Amino acid sequence: MATKLETWLILLLMPSFLSLQYFVVAKPQVPCYFIFGDSAVDNGNNLALRTLAKANFKPYGIDLPAGVPTGRFTNGRTSTDLLAELLGFTTYPPPYVTASGKEILTGVNYGSSGAGIRKESGRHLGGRITMDKQLKQHLLIVARIADILGSRELAGKYVNKCIYSVTLGSNDYVNNYYIPVTYPNGALYTQDRWAAILIQRYGEQLRVTKKIVIFSLERLGCAPVVVAEFGGHRNPDDASCVEHVNRAAELFNGRLMTLVDELNTELPDAKFVYVDVFTLSLKVLNAPCCKLLTGIVGVCLPGKVPCEDRDDYVFWDGYHTTEAVNKIIANNSYNAMSPDGVYPINIAQLAQLQI
């Protein structure tokens, strides 16, 4: 049963008729940016957990200004880091585990490597913050914002002006559906049925705010670890990727776009945006830029020098994209015109939208 605190926060976070002022110069286009998701956006939350899914060693972070690992599963900035820059923020939303004081007013990052739509996804890796738990953490953050601003009503109005983004679903496949020795779902459900189950739950989780950006699945069948695991099942006409895994991702993405339409119809006071990252590609599609640690985690081998031509690679390690791809994702989602990768509007338009 929901507590009184959870009940009023849920009510406050439901869409309402509020106008949003758009700052052209000097100030962020929205007051705050909240980030939910998995390792694609994790910027340090998993460092506080007992888990195999940690990016706390070099060469992670090699292309950040200080050249040191921060918990991000890439060589530099994540797509949400870059989106924060495009939205005009001078600092990135802090990870939930370290967020303190008034810095939470500009947003918080709840992303956690291994997290999925389903609570069991990624459990074999150890600790992770599931989407359900990330939503509970957000309720606590909004309560802290209420303390700062002086009332629950002001907190509700404030966060409803912000942009939220969600990047989830990959672990429900590569760290659930496609690991039959640990999870039964691959044997129990067809690809289409599994996609339907995930989307149904996802639709319940996404009803949290007024302005929300939802990223599709990438080409999971091209991830180096997946290619190594299922190499014998590749498309004979295209040996670079695993066809049936990519097909599963496409089924999910198709249902996700339909879900965005449904949510926009059911919640006319809100706006949901779908961002396609499946079609993005660079010169090197299915090989990692760093040398991989042996095993199922797909992380870089600690201390080894990565490839020099990082801007040519889609994948940094066994699963995660390079900063070069993250730049494409951020720029496309912010600037692209529908239906070219973003639907029904882009993030720049979403920031200006008065709803």
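The preceding data block contains the structure.
Basis of the calculations
- Residues numbered from 1 in each chain as written.
- Predicted model: local features only at pLDDT ≥ 70, side-chain atom pairs only at ≥ 80, totals over all residues.
- Heavy atoms only, no water.
- Buried < 20%, exposed > 50% of the residue type's maximum accessible area, 1.4 Å probe, protein only.
- Helix = DSSP H or I, 4+ residues; strand = E, 2+ residues; numbered from the N terminus.
- Pairing = 2+ DSSP bridges.
- Salt bridge = Lys/Arg side-chain N within 4 Å of Asp/Glu carboxyl O.
- Disulfide = S-S within 2.5 Å.
- Contact = heavy atoms within 4.5 Å.
- Axes fitted to C-alpha atoms, helices over the stretch in contact; angles between N-to-C directions.
- Core = buried A, V, L, I, M, F, W, Y, C linked by side-chain atoms within 4.5 Å.

Participant: Explanation requested: the pairing of strand E3 (residues 211–215) in the structure shown.
Facilitator: For a regular strand, the rule is simple: side chains alternate between the two faces of the sheet. For E3, the buried fraction is high: five of the five residues fall into the buried class. Across the two faces of E3 the burial is the same, with Lys211, Val213 and Phe215 and Ile212 and Ile214 all buried. Here four bridges tie strand E2 (residues 163–167) to E3, and the two strands are oriented parallel to one another. Counted as the bridge partner of Val166 is Ile214 from E3. Pairing of E3 with strand E4 (residues 271–275) involves five bridges; the strand directions are parallel. When the bridges of E4 are listed, Val213 appears paired with Val273.

Participant: What should I look at first to understand the pattern of salt bridges in this one?
Facilitator: Pairs may arise between side chains of opposite charge once their charged atoms sit close together. Evaluation of the coordinates by the stated rule reveals eleven salt bridges. In this structure, the salt-bridge partner of Asp63 is Arg310, at a minimum N-O distance of 2.7 Å. Here Asp63, found in the loop between strand E1 (33–37) and helix H2 (79–86), pairs with Arg310, found in the loop between strand E5 (284–288) and strand E6 (313–315); they are 247 residues apart in sequence, far enough to count as distant. For Asp63, a relative accessible area of 32% corresponds to the partly exposed category. Residue classification places Arg310 among the buried positions, given a relative accessible area of 17%. With a closest N to O distance of 3.3 Å, Glu153 and Lys157 form a salt bridge. Separated by four residues within a single helix, Glu153 and Lys157 lie in helix H4 (residues 152–159), roughly one turn from each other. On the accessibility criterion, Glu153 (51% relative accessible area) is exposed.

Participant: Explanation requested: the state of the cysteines in the structure shown.
Facilitator: One covalent bond between the sulfur atoms of two cysteine residues makes up a disulfide. In this structure the tally under the stated criterion is four disulfides. The disulfide partner of Cys290 is Cys300, and the gap between their sulfur atoms is 2.0 Å. Across the S-S bond of Cys290 and Cys300 the torsion is about -90°, and the bridge reads as left-handed. Separated by ten residues along the polypeptide, Cys290 in the loop between E5 and E6 and Cys300 in the loop between E5 and E6 bring together distant segments of the chain. For the pair Cys290 and Cys300, a shared accessibility class is recorded, and that class is buried. What connects to what in the protein, once the bonded cysteines are numbered by sequence position, is 1-2, 3-4, 5-8, 6-7.

Participant: I would appreciate a short explanation of the sheet that holds E4 in the present structure.
Facilitator: In spatial order, the strands read E1-E2-E3-E4-E7; together these five strands make up an open sheet with mixed pairing. Every other strand in the sheet has two partners, leaving E1 and strand E7 (342–343) as the edge strands with one partner each. Where E4 lies against E7, two bridges are found, and the strand directions are antiparallel. Counted as the bridge partner of Tyr274 is Tyr343 from E7. The sheet contacts of helix H3 (residues 131–149) involve E1 and E2, and relative to E1 the element is tilted by about 160°.

Participant: I'm lost on the nonpolar core in this one. Help?
Facilitator: As a rule of thumb, nonpolar side chains are buried together in soluble globular proteins. Phe34, Tyr173, Tyr202 and Phe252 are the most contacted members of the largest nonpolar core, which totals 92 residues. The dominant element in this core, judged by the number of residues it contributes, is helix H9 (residues 243–266), at eight residues. Leaving out residues up to four positions away in the same chain, Phe34 has contacts with Ile104, Gly107, Val108, Tyr110, His138, Ile141, Ile145, Val159, Cys162, Ile163, Tyr164 and Ser165. Counting 15 residues, the second-largest nonpolar core is a separate cluster that includes Ala53, Phe73, Cys289 and Val299.

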